[in-house]
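Chain and residue survey
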Amino acid sequence: EKMNSTMSEEPDALSVVNQLRDLAADPLNRRAIVQDQGCLPGLILFLDHPNPQVVHSALLALRYLAECRANRDKMKSELGMMLSLQNVIQKTTTPGETKLLASEVYDILQSSSLSEMDSVSEQNYRRRKAQFFLGSTNKRAKTVVLHIDGLDDSSRRNLCEEALLKIKGVISFTFQMAVQRCVVRIRSDLKAEALATAIASTKVMKAQQVVKSESGEEMLVPFQDTPVEVEQNTDLPEYLPEDESPTKEQDKAVSRVGSHPEGAASWLSTAANFLSRSFYW
């Protein structure tokens, strides 16, 4: 019986963190989310959630928020942020991709401008500490830039996101919707072709790789049409059967919110209420 009650609470946390992740994917919302009283503390608490999908989704949201330089100092100084990221990195049960993503967020925040008052020794201490936590994780990752034909609205973005999350070896991704691009961080042993195969599996989008020529010009390189075996990501257990995934109606709500920052603000207060109910029984 206990099992059922926890299962019924599960989708709430997951759908809230996924909504936050989708809002954070839109650069227009990133400042508002970090300024909000409840969202950052909520995301930090999600980093300790028993469902690994919730943790991964919270990290993707933080990764998006950290893209905005103006957010970094506030995020870094938020109570529990750096400690929770360290816990995710050090926990032996954390899946590999999630560890890499957490260390990526940690690294971005750690290297955010240290204030003038910080003495040199303090900086060195922090740097040593950062290296201790990160170890050689970042050497095991590479960045692939994709140009995705058909990536032109938030429901397509969600499809793309779902396809990428299923691949073992994908660490994080950032969408640049205006130019139909997706910047993907992957483990260095994953072939970029696997990303193209996954995106082609949506049937409505096709990916090409963006590479720089020696003269610094960008070129689009098509992937071979031979599909690559994609290893499914088994580290993140599926908590929801496919047919219970959030409905298209919610997608519409998210895209509406995304285009109107004031809509985001009202949604954020709803999220904050949810977070305070969930965590402070």
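The following refers to the structure shown. (Residues numbered from 1 in each chain as written. Predicted model: local features only at pLDDT ≥ 70, side-chain atom pairs only at ≥ 80, totals over all residues. Heavy atoms only, no water.)

Observations regarding the nonpolar core
The line we're drawing: The definition of a nonpolar core used throughout is a set of buried Ala, Val, Leu, Ile, Met, Phe, Trp, Tyr and Cys residues joined through side-chain atoms within 4.5 Å. The classification of residues rests on relative accessible area computed with a 1.4 Å probe and restricted to protein chains. Under 20% of the type maximum is buried, over 50% is exposed, and intermediate values are partly exposed. Only runs of H or I of at least four residues qualify as helices and only runs of E of at least two qualify as strands under DSSP, and these elements are numbered from the N terminus. A domain assignment, automatic or from a database, supplies the domain bounds used here.
Counting 65 residues, the largest nonpolar core has Leu85 and Leu195 as the members making the most contacts within it. Sorting elements by how many residues they give to this core places helix 4 (residues 52-67) first, with 10 residues. Both of domain 1 (13-110) and domain 2 (141-222) provide at least three residues apiece to this core.

Overview of unusual backbone geometry
Within the chain, Gln180 stands out as a residue other than glycine whose phi angle is a positive 55°. Position of Gln180 among the secondary structure elements: in the loop between strand 2 (170-176) and strand 3 (181-187). Positive phi values are uncommon outside glycine, yet Lys203 reaches one of about 70°. Along the chain, the position of Lys203 falls in the loop between helix 10 (192-200) and strand 4 (206-212). According to the relative accessible area criterion, Lys203 is exposed, its value standing at 73%.

Quick notes on the pattern of salt bridges
Rules: Each reported salt bridge corresponds to a side-chain nitrogen of Lys or Arg within 4 Å of a carboxyl oxygen of Asp or Glu.
Under the defined criterion, the tally for this structure stands at 11 salt bridges. With its nearest N and O atoms 3.8 Å apart, the salt bridge here joins Asp48 to Lys91. Taken as a pair, Asp48 in the loop between helix 3 (39-46) and helix 4 and Lys91 in the loop between helix 6 (81-90) and helix 7 (96-110) lie far apart in primary sequence, 43 residues in all. Residue Asp48 is classed as exposed on the basis of its relative accessible area, which comes to 58%. Residues Glu218 and Arg181 are paired through a salt bridge, measuring 2.7 Å at the closest nitrogen-oxygen approach. Of this pair, Glu218 sits in strand 5 (residues 218-222) while Arg181 sits in strand 3; the two residues are 37 residues apart in sequence, bridging distant segments of the chain. Connected through shared salt-bridge partners, Arg63, Glu67, Glu104 and Arg185 make up one network.

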